[in-house]
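What follows is each chain in one-letter form.
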Amino acid sequence: RAIALDPSRVEGWHFAAVDMGQYSLGIGILKALSQGIEGKFKDRLSHAEKIDPGYSGGAIPTAWGRFWFKLPWPKYDAKKSRAALEAALALNPDNVRARVYLADLYEKEDEPAKARAELERAAAGEPGRYDAPEERRFQAMARQKLAQTEKR
């Protein structure tokens, strides 16, 4: 509806892409791929990116980073994921979600020291630098992941 009301605004395109991503996670990535959700996600996020690549403190490159991370082999792409997450952090160094996602990527790519450093950076600082609820949510995730690594 937001896109229909004003396709020149980033919000509708961004949230449509996010909704496609959440739907995919809900039904499972393989089923989503078989339903053609990948193309819908990419289309909507690309539209949002053309309108405002820095929207919401780096939310668009953060979404691209997680997209490339979540895809199964052979579509999984660590280089594209890392580049997108680093772009998000260049736009907003306080982007806690991007730091947690980058830590997940480092963990998957067998770089535990880098993963831990990102989690420590994500957990540090007071919320309210750009989006306090978002920051608190992902700081809690970072702390939980740090606690799990300490148990190993």
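First things first, this report covers the structure right here in the doc. (Residues numbered from 1 in each chain as written. Predicted model: local features only at pLDDT ≥ 70, side-chain atom pairs only at ≥ 80, totals over all residues. Heavy atoms only, no water.)

## Some remarks on the side chain of Glu38
Relative to the helices and strands, Glu38 is located in helix H4 (residues 37-51). Classification of Glu38 as buried rests on a relative accessible area of 15%. A distance of 2.9 Å separates the side chain of Glu38 from the side chain of Lys75, its partner in a polar contact. Beyond its immediate stretch of four places on either side in the chain, Glu38 contacts Ala32, Leu33, Phe67, Leu71 and Lys75. (Helix = DSSP H or I, 4+ residues; strand = E, 2+ residues; numbered from the N terminus. Buried < 20%, exposed > 50% of the residue type's maximum accessible area, 1.4 Å probe, protein only. Polar contact = N/O pair within 3.5 Å; in protein donor to acceptor, adjacent residues only side chain to side chain. Contact = heavy atoms within 4.5 Å.)

## Considerations on the environment of Arg137
Tracing the backbone shows Arg137 in helix H9 (residues 132-151). Note: C-alpha distance between Arg137 and His14 (123 residues apart in sequence) is 20 Å.

## Observations concerning the packing of helix H5 (residues 55-70) against helix H7 (residues 96-108)
Two numbers describe how H5 lies on H7: the axes approach to 10 Å, and their chain directions differ by 25 degrees. Here H7 runs roughly parallel to H5, going by the angle between their axes. Relative to H7, H5 is oriented so that their crossing is left-handed. On the side of H5, the interface is formed by Thr62, Arg66 and Phe69, while H7 contributes Arg97, Ala98, Tyr101, Asp104, Leu105 and Lys108. Residue classes in the contact of H5 with H7 are distributed as 4 nonpolar, 1 polar and 4 charged. (Axes fitted to C-alpha atoms, helices over the stretch in contact; angles between N-to-C directions. Parallel < 35°, antiparallel > 145°, perpendicular 65-115°, else oblique. Left-handed = near helix turned anticlockwise from the far one by under 90°. Nonpolar A, V, L, I, M, F, W, Y, C, P; charged D, E, K, R; others polar.)

## Overview of the pattern of salt bridges
Taken as a whole, this structure holds 13 salt bridges when the rule is applied. In this structure, Arg9 and Glu11 form a salt bridge, with 2.6 Å as the shortest nitrogen-oxygen distance. For Arg9, a relative accessible area of 45% gives the class partly exposed. Glu11 gets classed as partly exposed once you look at its relative accessible area, which sits at 27%. A salt bridge links Arg82 to Glu111; its shortest N-O distance comes to 2.8 Å. (Salt bridge = Lys/Arg side-chain N within 4 Å of Asp/Glu carboxyl O.)

## Some remarks on unusual backbone geometry
For the peptide bond that leads from Trp73 to Pro74, omega is 10 degrees, which places it in the cis range. Mapping Pro74 onto the fold places it in the loop between H5 and helix H6 (78-91). Here Ser56, not a glycine, exhibits a phi torsion of approximately 55 degrees, which is positive. As for its placement among the helices and strands, Ser56 is situated in helix H5. For Ser56, a relative accessible area of 45% translates into the label partly exposed. The phi dihedral of Asp110 is positive, around 60 degrees, even though this residue is not glycine. Along the chain, the position of Asp110 falls in the loop between H7 and helix H8 (112-123).

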